[in-house]
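# Analysis of the macromolecular model
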Amino acid sequence: MILNSPYKLVDLKDVVFFQEGPGLLSSQFALQGEEGVPFINIRTICDDGSIDKTKCNLLRTSEFEKRYKHFLLDDGDYVVSSSGTLGKLAEIKGSDLPLMLNTSVIRFRSHNEAILDRGYLKWFVKSPLYEFQILKASTGTAIKNYGPSHLKKMLIPLPPLPIQKQIAALLEKADTLRSQCKQMEQELNQLAQSVFLEMFGDPKEVEELDSHIEFLTSGSRGWAQYYTDAGSRFIRSLDVQMNNLGEDDIAYVSAPNGKEAERTKVKYGDVLLTITGSRIGRVCWVSDVSMDGYISQHVAILRLKNTLLPEFLSYYLSMPSLGQRQIFKSQYGQTKPGLNLAQIRSFKIPRVSIQQQQQFVDAIYKLRELVDLSAKNKISIDENFNSLMQRAFSGKLNLTKAA
């Protein structure tokens, strides 16, 4: 892959300063009320390239002053994950400081911006070319890792500085378009709550969900032995998205005969709710008439009487200030939160006629058409962006090559 680039190839170590975090011990962390310096690791790097300082632990100030000052980050540094999800990147800003490195992240900085533009460096670290080299060099099977020793063996295409700046500006512009499309999709999804409140207000007349439930159950354990490459769909918590059943990384089972399988088999119109773990509260309905599937132990089936539309219930439970607030208040446990079936039955829902429910659902379907259009646009934009990234570092972009 890298040999196809027409640009001069140089060793990454010759143009980039990189530094790995030290790997701090919990005994070095500041206790409650003690002063300390916040440090980052992979879990503090957000998907949007920012740092979530609320997730940062503190290194005791005395420890920092004694031997860790050289791990203090600077405004403009890039930090990149080096374990697990490789290549996750964040840009350090002045408002983030003070902040220091810890394990699982590496600091990147151009040695000389007259030779290597920092914007170009950012997009190189996000490029397929970087990923290709890292995956080839990294160690580990279940969890991939790499460090400075691997980076010393990497190459970076180095076009003239004006070309670097053009590439960086073009990719930045394309990424902004991608972000705007994603933001529009999120805003459209949030409109459901606005539509509900406009139609019904903050519901005063409520009733227990139990009065509308025909059948309620959760999945059973022990399905791993029935996994197959094809067959019936096995619906896990990660498959249940907000008002949508995901289609990525689908799992299949060859279900055993018996009452247990019959009990956990989904039907058209069922509402599926995640009831344990970090994805608790995600909800959708089964919209496929021909669905052949079974639920895992982390998912509940809510099969409704004809007094409540599954689409209406799913959207209601997904609304932040309505259904999601109830779910958050009801769940038990901190490290491994959960919902039991009795709690689900006791959820309060608005007393709304089936005709009014249908009016709400019809309004949402019109919004969904916009969301679907936005999603199609996003797929197209993502594909174009990935192609752009590929061409940028292989020298195939049609750029005006200034000296």
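So, how was this worked out
- Residues numbered from 1 in each chain as written.
- Predicted model: local features only at pLDDT ≥ 70, side-chain atom pairs only at ≥ 80, totals over all residues.
- Heavy atoms only, no water.
- UniProt positions renumbered as here; feature names shortened; annotations may be inferred.
- Helix = DSSP H or I, 4+ residues; strand = E, 2+ residues; numbered from the N terminus.
- Buried < 20%, exposed > 50% of the residue type's maximum accessible area, 1.4 Å probe, protein only.
- Contact = heavy atoms within 4.5 Å.
- Lys, Arg positive; Asp, Glu negative; His and termini not counted.
- Charge placed at Lys NZ, Arg CZ, Asp CG, Glu CD.
- Axes fitted to C-alpha atoms, helices over the stretch in contact; angles between N-to-C directions.
- Nonpolar A, V, L, I, M, F, W, Y, C, P; charged D, E, K, R; others polar.
- Core = buried A, V, L, I, M, F, W, Y, C linked by side-chain atoms within 4.5 Å.
- Salt bridge = Lys/Arg side-chain N within 4 Å of Asp/Glu carboxyl O.
- Pairing = 2+ DSSP bridges.

Going by the annotation in an unreviewed UniProt entry, the name recorded for the protein chain is Restriction endonuclease subunit S, with Candidatus Thiodiazotropha taylori given as the source organism. The record in UniProt for the protein chain states the following under Sequence similarities (unreviewed entry): "Belongs to the type-I restriction system S methylase family."

What follows is about the overall build of the protein chain. The helix and strand inventory of the protein chain stands at eleven helices and 21 strands. Seen along its three principal axes, the alpha-carbon backbone of the protein chain occupies a region of about 70 × 55 × 45 Å. Put simply, the protein chain has 403 residues, and 46% of those count as buried. Considering only intrachain contacts with a sequence separation of at least 6, the fraction spanning at least 24 residues in the protein chain is 77%. The positive charge centre, built from 49 side chains, and the negative charge centre, built from 45, are 4 Å apart in the protein chain.

Contact pair helix α8 (residues 310–318) / helix α9 (residues 323–330): the axes reach a minimum separation of 5 Å and the direction vectors enclose 65°. Where α8 abuts α9, its residues Tyr-316, Leu-317 and Ser-318 lie against Gly-323, Gln-324, Gln-326 and Ile-327. Here the contact of α8 with α9 is built from residues that sort into three nonpolar, four polar and no charged.

The next point concerns the nonpolar core. In terms of nonpolar packing, the biggest core is built from 36 residues, with Leu-12, Phe-108, Phe-124, Tyr-130, Leu-151 and Leu-171 touching the most fellow members. With residues near it in sequence (within four places) discarded, Phe-124 still touches Leu-12, Leu-129, Tyr-130, Gln-133, Met-154, Leu-155, Ile-156, Pro-157 and Phe-393. Among the nonpolar cores identified, the runner-up in size contains 34 residues, and Leu-302, Leu-309, Leu-339 and Val-352 belong to it.

The subject of this paragraph is the pattern of salt bridges. Under the counting rule described, the total for this entry stands at 22 salt bridges. Lys-122 is paired through a salt bridge with Glu-172; the nearest N and O atoms lie 3.3 Å apart. Note that Lys-122 is positioned in helix α3 (residues 118–125) and Glu-172 in helix α6 (residues 161–200), a separation of 50 residues in sequence. For Lys-122, a relative accessible area of 13% gives the class buried. Its relative accessible area of 34% is what places Glu-172 among the partly exposed residues. Each of Asp-74, Asp-77, Arg-107 and Arg-109 takes part in a single network of salt bridges with overlapping partners.

Attention now goes to the pairing of strand β17 (residues 271–274). Judged by which residues are buried, β17 turns out to be covered on both faces: Val-271 and Leu-273 on one side and Leu-272 and Thr-274 on the other are all buried. Here three bridges tie β17 to strand β18 (residues 283–285), and the two strands are oriented antiparallel to one another. Bridge pairing in β18 links Leu-273 to Val-283. As paired elements, β17 and strand β20 (residues 299–304) share four bridges and run antiparallel to each other. Bridge assignment links Val-271 to a residue of β20, and that residue is Leu-302.

This next bit is on the sheet that holds β18. Ordered by their spatial adjacency, four strands build an open sheet running β11-β20-β17-β18, and the pairing between neighbours is antiparallel. The two strands at the open ends of the sheet, each matched to only one other strand, are β11 (213–218) and β18. On average, each strand axis in the sheet is inclined to that of its neighbour by 20°, with strand direction left out of account. The sheet contacts of α8 involve β17, β18 and β20, and relative to β18 the element is tilted by about 170°.

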